[in-house]
Amino acid sequence: MLLVAIGGVGVYLDRSLHRTAALVDYPGRIGDTPGTNWLIVGSDSRVGLTPEQQQTLDTGGDNASTGLSDTIMILHITKSGPNTLVSIPRDSYVPIPGHGRDKINAAFAIGGPALLAQTVEEATGLHLDHYAEIGFGGFAGVVDALGGITMCLDQPINDAAHGIVLPAGCSKFNGGQALGYVRERYALPLSDLDRQNNQRNFMEAVMSKATSAGTLANPFRLWSFINRVAGSLTVDNGDHIWNLAAMAWALHGKLVSTTVPVGGFENTDSSGNVLLWDHDKASRFFGALAQDQQIPADLVAKD
């Protein structure tokens, strides 16, 4: 009876996931590469939020249903050694199949998850195995389901214009504060590059609390968290709740947290100010992951 009950819960959660055709075949697609690669996307879509919720979460009004992908990460789960979590700057200037060169987050706005995934695969040389996306409201709800997340800031964040004011030191963030923390870039010295560090640190903190003894021993909190995650995530058609469990476990363990090697910035006529990758370093960086090897130490960015 217990096994039947557990199986029933698993089926219920799996059916709660939203699914989309994110990882599709296309001519010349990169073949399977060693290890397991997740494309993790934070969408600024307001879909599912009432006007009152948008105001409470200070999302800045309604966007198109697809929105933009302000957060783009690759989680590489290796067969041995530490896993790797890589931030891809949203302003990265890359070729978007069929649309010329543009900021990488434009791929999501133009063609949704499938075009973004193809763009990432062709830019990195990595074959993507899984896809997970979460929007504003879902993110805030997941944090609240865990009872908040404690983060320690070296410096205060004061962006009153966007309603994001966070003190220095250690504080417990509720869903709205957490959303502000991972979205903020205007009050940070290195703007989006600092925001990426905050996003990776926060994701690790969420997974650490989600897999902590305090959460696992509290069935009400654990169920609230898992249920909220399942109802908030959009995954590829081939993904299941057990794949997400494997992803969470990979983020909980020893992790190399870094970003794509940056070569500088450039002003363009069509896309404004864009971020350029360091071509040679990025080639070595992703080449190592494509062979399921650790990224060379000199290419790992320091937070």
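About the thresholds
Residues numbered from 1 in each chain as written. Predicted model: local features only at pLDDT ≥ 70, side-chain atom pairs only at ≥ 80, totals over all residues. Heavy atoms only, no water. Helix = DSSP H or I, 4+ residues; strand = E, 2+ residues; numbered from the N terminus. Buried < 20%, exposed > 50% of the residue type's maximum accessible area, 1.4 Å probe, protein only. Contact = heavy atoms within 4.5 Å. Areas by Shrake-Rupley, 256 points an atom, 1.4 Å probe, with all protein chains shown as cover. Axes fitted to C-alpha atoms, helices over the stretch in contact; angles between N-to-C directions. Parallel < 35°, antiparallel > 145°, perpendicular 65-115°, else oblique. Nonpolar A, V, L, I, M, F, W, Y, C, P; charged D, E, K, R; others polar. Polar contact = N/O pair within 3.5 Å; in protein donor to acceptor, adjacent residues only side chain to side chain. Core = buried A, V, L, I, M, F, W, Y, C linked by side-chain atoms within 4.5 Å. Disulfide = S-S within 2.5 Å. Pairing = 2+ DSSP bridges.

Undergrad: I keep staring at the overall build of the protein chain and nothing clicks. Help me out?
TA: Along its length, the protein chain carries ten helices and 15 strands. Split into buried and exposed, the 303 residues of the protein chain put 51% on the buried side. Put simply, 69% of the contacts in the protein chain that link residues at least 6 apart link residues at least 24 apart. Carbon and sulfur atoms provide 55% of the accessible area of the protein chain, an area that totals close to 14100 Å².

Undergrad: Sorry if this is basic, but what is going on with the packing of helix 5 (residues 175-183) against helix 6 (residues 192-210) here?
TA: Their axes nearest at 7 Å, the elements helix 5 and helix 6 cross at an angle of 140°. It follows that helix 5 is oblique to helix 6 by the angle criterion. Listed contacts from helix 6 to Ala-178, Tyr-181, Val-182 and Arg-183 of helix 5 are Arg-195, Asn-198, Gln-199 and Phe-202. Split by residue class, the contact of helix 5 with helix 6 holds four nonpolar, two polar and two charged.

Undergrad: Even after reading the chapter, I still don't get helix 5, so can you show me in this structure?
TA: Every α-helix carries 3.6 residues per turn, so stepping three or four residues along brings you back to the same face. Within helix 5 the residues assigned to the buried category are Gly-175, Ala-178, Leu-179, Gly-180, Tyr-181 and Val-182. One side-chain oxygen of the residue at the start of helix 5 lies 3.1 Å from the amide nitrogen of Gly-176, identifying that residue as Asn-174.

Undergrad: Please clarify how unusual backbone geometry should be interpreted in this entry.
TA: Most peptide bonds take the trans configuration, and most residues that are not glycine carry a negative phi. One non-glycine residue, Asp-292, lies in positive phi territory at about 60°. With respect to the helices, strands and loops of the structure, Asp-292 is situated in the segment after helix 10 (279-290). Taking the relative accessible area as the measure of exposure, Asp-292 reaches 17% and is therefore buried.

Undergrad: Would you explain the packing of helix 6 against helix 9 (residues 241-252) in this entry?
TA: Two quantities define a packed helix pair, namely the angle between the helix axes and the distance between the axes. Running from N to C, helix 6 and helix 9 cross one another at 110°; their axes reach a closest spacing of 8 Å. Classified by the angle their axes make, helix 6 and helix 9 are roughly perpendicular. Touching Met-203, Met-207 and Ser-208 of helix 6 are Ala-248, Leu-251 and His-252, all from helix 9.

Undergrad: Would you mind showing me how to read the side chain of Thr-124 here?
TA: With respect to the helices and strands, the residue Thr-124 is situated in helix 3 (residues 105-124). A relative accessible area of 9% means that Thr-124 is categorised as buried. Here Val-120 takes part through its backbone oxygen, which lies 2.7 Å from a polar atom of the side chain of Thr-124. In this view, Thr-124 contacts Ile-74, Ile-88, Trp-277 and Phe-286; residues no more than four positions away in its chain are not counted.

Undergrad: Even after reading the chapter, I still don't get the environment of Gly-100, so can you show me in this structure?
TA: Mapped onto the fold, Gly-100 is located in the loop between strand 5 (93-95) and strand 6 (101-103). Overall, Gly-100 belongs to the partly exposed group, its relative accessible area being 44%. Not counting chain neighbours up to four residues away, the residues in contact with Gly-100 comprise Val-94 and Pro-95.

Undergrad: Sorry, what's going on with the nonpolar core here?
TA: Burial of nonpolar side chains together is a common tendency in soluble globular proteins. Counting residues in hydrophobic clusters, the biggest one holds 45 residues, and the most contacted among them are Leu-75, Tyr-181, Phe-202 and Leu-244. For Leu-244, the residues in contact, after removing those within four places along its chain, are Leu-17, Trp-38, Ala-132, Leu-233 and Val-235. Within the second largest apolar cluster, 33 residues are counted, among which are Ile-72, Val-94, Phe-108 and Phe-286.

Undergrad: Explain the state of the cysteines to me, please; I cannot follow it from the model alone.
TA: Formally, a disulfide is one covalent bond, and it connects the sulfur atom of one cysteine to the sulfur atom of another. Throughout the structure, instances matching the rule amount to one disulfide. The partner cysteine of Cys-152 in its disulfide is Cys-170, sulfur to sulfur 1.9 Å. For the disulfide bridge between Cys-152 and Cys-170, the dihedral angle about the S-S bond is near 100°, and by the sign convention the bridge is right-handed. Taken together, the residues span a long stretch of sequence, with Cys-152 in strand 8 (residues 149-153) and Cys-170 in strand 11 (residues 169-173) at a distance of 18 residues. You can call Cys-152 partly exposed: its relative accessible area is 48%.

Undergrad: Before we go on, may I ask you to explain the sheet that holds strand 7 (residues 130-134) in this structure?
TA: In a beta sheet, neighbouring strands are held together by backbone hydrogen bonds and run either parallel or antiparallel to one another. Sheet architecture is open: seven strands sit in the order 1-12-7-2-3-4-13, paired in mixed fashion. The outermost strands of the open sheet, each flanked by one partner alone, are strand 1 (18-20) and strand 13 (255-259). Averaged over neighbouring strand pairs, the angle between their axes works out to 20° when direction is ignored. In this sheet, strand 12 (residues 233-236) lies alongside strand 1 in parallel orientation, the contact comprising three bridges. Across the sheet, the residue bridging to Thr-20 is Asp-236, located in strand 12. Strands in contact with helix 3 are strand 1, strand 2 (36-43), strand 3 (69-77) and strand 7; relative to strand 3, the strand with the most contacts, it is inclined by about 30°. Against the sheet, helix 10 contacts strand 3, strand 4 (83-87) and strand 13, and its axis sits at roughly 145° relative to strand 4.

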